[in-house]
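# Per-entry structural report
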Amino acid sequence: MAEDDAVAQLAELLAGDGQRLLADTRPDEDPLAASDRLRRTHPARLVPAALTQARLRARAVEKFGADAAAMYFTPDGLEQATRAEVAAHRAARFARLGTGTPVADLCCGIGADLIALARAGMRVTGVERDPLTAAVARANVRALGLSAEIREGNAEDVDPAWLAGEGFAVFCDPARRPSGGPRGAGGRGRRIFDPEAYAPPLSRALEFARRGRGGCVKVAPGIPHELVPEGAEAEWVSWRGDVKEAALWLGDLAEPGAAGGGRVRRRATLLPSGATLVDEPGLGAPPVTEVGRYLYEPDGAVIRAHLVGEVAAALGGALIDPAIAYVTAGTLTATPFARAYEIDDVLPFSVKRLRAALRERRAGTLTIKKRGSAVDVERLRRDLRPSGDASATVILTRVGEKPYAYLAHPVAAPPACG
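It should be emphasised that the depicted structure is a prediction, and the values quoted were computed from it without experimental measurement.

### Digging into the overall build of the chain
- When helices and strands are tallied, the chain shows 14 helices and 16 strands.
- Dimensions along the principal axes, computed over C-alpha positions, put the chain at roughly 65 × 60 × 45 Å.
- Counting all 418 residues of the chain, 49% fall into the buried class.
- Sequence separation of 24 or more characterises 67% of the internal contacts of the chain that already satisfy a separation of 6 or more.
- A total accessible area of about 19,200 Å² is found for the chain, and carbon and sulfur atoms account for 51% of it.
- Charged side chains in the chain number 55 positive and 53 negative. The centres of these two groups are separated by 4 Å.

Shown next as structure tokens:
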């Protein structure tokens, strides 16, 4: 469908006939039966678009919760949109600048971050290059009873002097996929890992962020630490243990370190708890020792932020290998930043030896985790042929060049007294 036709079709869905049609769609209904039913009582030309929206809304519940039922989506726009809880976490930091602060959301997509910023009390102006995606963003703002301006245009062409002159804080979420099509409307493809291949390039996005009152640039979680600019705070965010994104905070939005010790350089934030961990300058490398009674697996955001040493220090623990992100300790300590396992057995890795140990424990249900191991987990599971009514956790790792299998079970530390 041509771009202009897609925008016109969305406009029809937003009008009376389209709204009645959308209200009559059921995402769990068989598509062919739904199409036949709807075409008898609604404009036939709109039925495919309405069914697409119904399916996208059902998928969007995982990211947007109850809001999804009122929102509008494109397939790529939904895929690339920020999860609502992550967007709200980020918007809360912008809100510290004060209610009514103008915020420019460059590359606003279908409006996930723009919505969160508006709800946080910011005066938001979005910029989006794709007309259909911009129209979807406007529809979402209206559907949720919010106020924001969305301008069509290429974020790369934004004048930094405009941002500075209007006193904007800046949020920029560059496209990280090949430019074979417009963002949110056919721009599918492999993710881009070179930040200068973003659209706009990272250097340009950082220029925008620096010219504003404060700035935030969203980047891929795998961004090399050496690309984090001086004076910026890099934050990695996970949702229920799954690393979702990283962001670079600048200007008034970058936070000072403890006791006036410069800026925070690295931060890991765990959602939905909101637990946050920052770097401790001068901490030094953690000690290394053989595995003890407990093994801690740090959250992915902690690992990405290179804060495993901070977790080890807080636990009074050590690493089992300088290059492996597992912390070991002799005592069980509560921490939101790592999952704890009690070690039942330590085996030099061998399929035969491991199979025998699991058979002895009647372990038919296996959780297999690995770090620093080249073992194919699914093939290993088949080779182990687990059976029995017990469960076990197998942790595959290495110490130096020697591969190991730890048999373990997850444990929870008791809450601290007082």
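### Description of the environment of L332
- Its place among the elements puts L332 in the loop between β12 (327–329) and β13 (338–348).
- A residue is classified by how much of its surface remains accessible, and L332, at 26% relative accessible area, is partly exposed.
- Along the chain, L332 and L315 lie 17 residues apart, while their C-alpha atoms are 8.3 Å from each other.

### Remarks on the confidence of the model for the chain
- Considering every residue of the chain, the mean pLDDT works out to 92; 94% of them sit at 70 or more.
- In the model, residues 179–189 has pLDDT below 50 throughout and makes 35 contacts with residues more than four positions away in sequence or in other chains.

### Some words on unusual backbone geometry
- The omega torsion across A199 and P200 is 0°, close enough to zero to call that bond cis.
- Along the chain, P200 turns up in the loop between β4 (169–172) and α10 (202–211).
- The omega angle of the peptide bond from L271 to P272 is 15°, so this bond is cis rather than trans.
- Assignment of secondary structure puts P272 in the loop between β8 (266–271) and β9 (275–278).
- A positive phi angle, near 65°, is found at C107, a position not held by glycine.
- For C107, the location among the structural elements is in the loop between β1 (102–106) and α7 (112–119).
- With relative accessibility at 9%, the residue C107 sits in the buried group.
- Positive phi is not limited to glycine here, since R362 has a value of about 55°.
- Within the secondary structure layout, R362 lies in the loop between α13 (351–360) and β14 (363–370).

### Side note on the packing of aromatic side chains
- A complete count under the given rule lists four aromatic pairs for this structure.
- Ring geometry for F94 against W249: centres 5.7 Å apart, planes inclined by 55°, an arrangement best described as tilted. Residue F94 is found in helix α6 (residues 84–95), and its partner W249 is found in strand β7 (residues 242–251); the two are separated by 155 residues along the sequence.
- A relative accessible area of 0% places F94 in the buried class.
- Judged by relative accessible area, W249 falls into the buried class, the value being 1%.
- The interplanar angle of 35° and the centroid separation of 6.3 Å between the aromatic rings of Y404 and Y406 together place this pair among those described as tilted.
- Residue Y404 is classed as partly exposed on the basis of its relative accessible area, which comes to 22%.
- Taking the relative accessible area as the measure of exposure, Y406 reaches 2% and is therefore buried.
- Directly above the aromatic system of Y72 lies the positively charged group of R57, at a separation of 4.8 Å from the ring centroid.
- The ring of W249 is capped by R93, whose NZ or CZ atom sits 4.2 Å from the centre of that ring.

### Comments concerning the sheet that holds β12
- Strand order in the open sheet formed by seven strands is β11-β12-β10-β13-β16-β15-β14, with mixed pairing between adjacent strands. The open sheet has two edge strands, β11 (318–319) and β14, and neither has a second partner.
- The pairing of β14 with strand β15 (residues 390–399) spans seven bridges and is classified as parallel. Bridging from a neighbouring strand, L366 pairs with A392 of β15.
- Packing against the sheet, helix α12 (residues 308–315) makes contact with β10 (294–298), β11, β12 and β13, and its axis sits at approximately 10° to β12.

### Quick word on helix α1 (residues 3–14)
- Here α1 spans 17 Å end to end across 12 residues, near enough to the 16 Å set by a 1.5 Å rise per residue.
- Of all the residues in α1, the buried ones are A6, Q9, L10 and L13. End-on, the buried residues of α1 take up no more than an arc of 100°, which puts them together on one face.
- Where α1 is buried, its residues contact α2 (16–23), α4 (47–64) and α8 (131–143).

### With respect to the sheet that holds strand β2 (residues 123–128)
- Reading across the sheet, the nine strands line up as β3-β2-β1-β4-β5-β7-β6-β8-β9 and stay open at both edges, with mixed pairing between neighbours. The open sheet has two edge strands, β3 (149–152) and β9, and neither has a second partner. Averaged over all adjacent pairs, the angle separating strand axes in this sheet is 20°, with direction ignored.
- Bridge count for β1 against β4 is four bridges, and the pairing is parallel. Directly across from L106, in β4, lies its bridge partner C172.
- On the sheet, α10 packs against β1, β4, β5 (214–219) and β7 and is oriented at approximately 155° with respect to β5.

### Points about α4
- Relative to the 26 Å expected for 18 residues at 1.5 Å per residue, α4 spans 24 Å between its end C-alpha atoms, a close match to the ideal helical length.
- Of all the bends found along α4, the most pronounced is centred on A58 and spans about 30°.
- Among all positions of α4, only V47, A49, A50, L51, Q53, A54, L56, R57, A60, K63 and F64 are buried.
- Two residues or fewer after α4 comes G65, characterised by a positive phi angle close to 60°.

Conventions used here
Residues numbered from 1 in each chain as written. Predicted model: local features only at pLDDT ≥ 70, side-chain atom pairs only at ≥ 80, totals over all residues. Heavy atoms only, no water. Helix = DSSP H or I, 4+ residues; strand = E, 2+ residues; numbered from the N terminus. Buried < 20%, exposed > 50% of the residue type's maximum accessible area, 1.4 Å probe, protein only. Contact = heavy atoms within 4.5 Å. Areas by Shrake-Rupley, 256 points an atom, 1.4 Å probe, with all protein chains shown as cover. Lys, Arg positive; Asp, Glu negative; His and termini not counted. Charge placed at Lys NZ, Arg CZ, Asp CG, Glu CD. pLDDT = per-residue confidence, 0-100. Phe/Tyr/Trp six-rings, centres within 6.5 Å; stacked < 30°, edge-to-face > 60°. Lys NZ or Arg CZ within 6 Å of the ring centre and 35° of its normal. Pairing = 2+ DSSP bridges. Axes fitted to C-alpha atoms, helices over the stretch in contact; angles between N-to-C directions. Expected span 1.5 Å × (residues − 1). Arc of directions from axis to C-beta. Bend = angle between axes of the 7 residues up to and from the residue.

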